[in-house]
Amino acid sequence: MFDLDEMDRQILRSLAQDATLSAGTLGRRLGLSQPATWRRVKRLQELGAIKGRRLVLDREKLGFGVTVFLGVKLATKGRVSLEDFERVVTAIPEVQTVEHILGIYDYRLKIVARDIPDFERVLRRRIMALPGVGNVEANVMLSEERRPGPL
């Protein structure tokens, strides 16, 4: 937990909405000087409150029209370590996120594909070919109504 004041929270909210804001622009919006804003942003980075900035791409416009959430149950945890599975599955370019979860499945993967036949290829040739993969359950995303926002 970090000791953040209201100005720190405003900076984080603003950067969460638009990570491209310069310290000067951000400072003008919040009533701070550019150097003061830059120092606060730098401090938030050093504390680990800001872990980085990232570019958000439009998957559909880039030809990836299908998103699938795949539940993966490892066949036998003793034969393949969780770390080995994570290392191998994160090397698959279509796998966007790998979440180790508690429940029926051991992992939840977010996979993007061009279309359903492309997803089937990824599933058969890449996911099911991994050592230790047992049961899988696929859920195709129909729409995304709420995008992740600021905390």
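Right above here is the structure, for reference.
Residues numbered from 1 in each chain as written. Predicted model: local features only at pLDDT ≥ 70, side-chain atom pairs only at ≥ 80, totals over all residues. Heavy atoms only, no water.

1. Some remarks on the overall build of the chain
Formally: Numbering of helices and strands starts at the N terminus; helices are DSSP runs of H or I of at least 4 residues and strands are runs of E of at least 2. For the radius of gyration, the atom set is restricted to C-alpha positions; the globular benchmark scales as 2.2 Å times the number of residues to the power 0.38. Categorising residues by exposure relies on relative accessible area from a 1.4 Å probe, with only protein chains included: less than 20% of the type maximum marks a residue as buried, more than 50% marks it as exposed, and the intermediate range marks it as partly exposed. For this analysis, residues touch if any pair of their heavy atoms sits within 4.5 Å. Shrake-Rupley sampling with a 1.4 Å probe provides the accessible areas, and residues are treated as covered by the protein chains on show and by no other component.
Helix and strand counts for the chain come out as five helices and four strands. Along the chain, helices and strands appear, N-terminal first, in the series α-α-α-β-α-β-β-α-β. Whereas a compact globule of 151 residues would reach a radius of gyration of roughly 15 Å, the chain reaches 20 Å, over 25% beyond that. With the C-alpha coordinates aligned to their principal axes, the bounding extent of the chain is approximately 55 × 35 × 25 Å. A burial count over the chain gives 30% of its 151 residues as buried. Within the chain, residue pairs in contact and separated by at least 24 positions form 64% of the contacts whose partners lie at least 6 positions apart. Total accessible area on the chain is roughly 10500 Å²; 52% of this is exposed by carbon and sulfur atoms.

2. What to know about the sheet that holds strand E1 (residues 66–74)
By way of backbone hydrogen bonds, the strands of a sheet pair with one another, either parallel or antiparallel. Put simply, the rule is: In this description, strands pair whenever DSSP reports at least two bridges between them. Geometry is summarised by axes, namely lines fitted to C-alpha atoms with helices restricted to the contacting stretch, and by angles between N-to-C directions that run from 0 to 180 degrees.
The four strands lie next to each other as E2-E3-E1-E4, forming an open sheet whose pairing is antiparallel. This sheet does not close on itself; its edge strands, each paired only once, are strand E2 (95–100) and strand E4 (133–140). The average undirected angle you get between the axes of adjacent strands in this sheet is 20°. Pairing analysis gives six bridges linking E1 to E4, with the strands arranged antiparallel. From the neighbouring strand, Leu70 faces E4, where its bridge partner is Ala138. Here helix H5 (residues 116–127) sits on the sheet and contacts E1, E2, strand E3 (107–113) and E4; the angle it forms with E3, its principal contact strand, is near 135°.

3. Focus on the packing of aromatic side chains
How two aromatic rings sit relative to each other is set out by the distance from centre to centre and by the angle between their planes. Which entries qualify depends on this criterion: Note on ring pairs: Phe, Tyr and Trp rings are taken, using the six-membered ring of Trp, and paired if centres are within 6.5 Å. Classes follow the plane angle, with under 30 degrees stacked, over 60 edge-to-face and the rest tilted.
For the structure shown, the criterion picks out one aromatic pair. When the ring of Phe85 is compared with that of Tyr107, the centres are 4.8 Å apart and the planes differ by 40°; the resulting orientation is tilted. Of the two residues, Phe85 sits in helix H4 (residues 82–89) while Tyr107 sits in strand E3, which places them 22 residues apart along the sequence. Across the pair, exposure class does not vary: Phe85 and Tyr107 are buried alike.

4. Some remarks on the nonpolar core
Here is the rule: The term nonpolar core refers to a set of buried residues drawn from Ala, Val, Leu, Ile, Met, Phe, Trp, Tyr and Cys, joined through side-chain atoms within 4.5 Å.
One finds Leu70, Val72, Phe85, Val89, Leu109, Ile111 and Ile127 to be the most contacted residues of the largest nonpolar core, which totals 20 residues. If you tally residues by element for this core, the top one is E1, at five residues. With residues up to four places along the chain from it excluded, the contact list for Val89 reads Val95, Val98, Leu109, Ile127 and Leu130. Ranked by size, the runner-up nonpolar core spans 10 residues in total, among them Met7, Leu15, Leu44 and Ile50.

5. Quick notes on a nonpolar patch on the surface
Here is the rule: Residues qualify for a patch when their relative accessible area is over 30% and they have no salt bridge, like charges being joined within 9 Å and the nonpolar side chains of Val, Leu, Ile, Met, Phe, Trp and Tyr within 5 Å. A pairing counts as a salt bridge when a side-chain nitrogen of Lys or Arg comes within 4 Å of a carboxyl oxygen of Asp or Glu.
On the surface, Leu55, Leu57 and Leu62 cluster together into a nonpolar patch covering about 350 Å² of accessible area. For Leu62, the position within the fold is in the loop between helix H3 (34–47) and E1.

6. Quick notes on the environment of Asp8
Rules: Pairs of N or O atoms within 3.5 Å make up the polar contacts considered here, provided that, within protein, one atom can donate a hydrogen while the other can accept it, and that residues adjacent in sequence are counted only when both atoms are side-chain atoms.
Mapped onto the secondary structure, Asp8 falls in helix H1 (residues 6–17). Spatially, the C-alpha atoms of Asp8 and Leu130 are 44 Å apart, while their sequence positions differ by 122 residues. Setting aside chain neighbours within four positions, we find Asp8 in contact with Asp3, Arg40, Arg43 and Leu44. A distance of 2.8 Å separates polar atoms of two side chains, one belonging to Asp8 and the other to Arg40.

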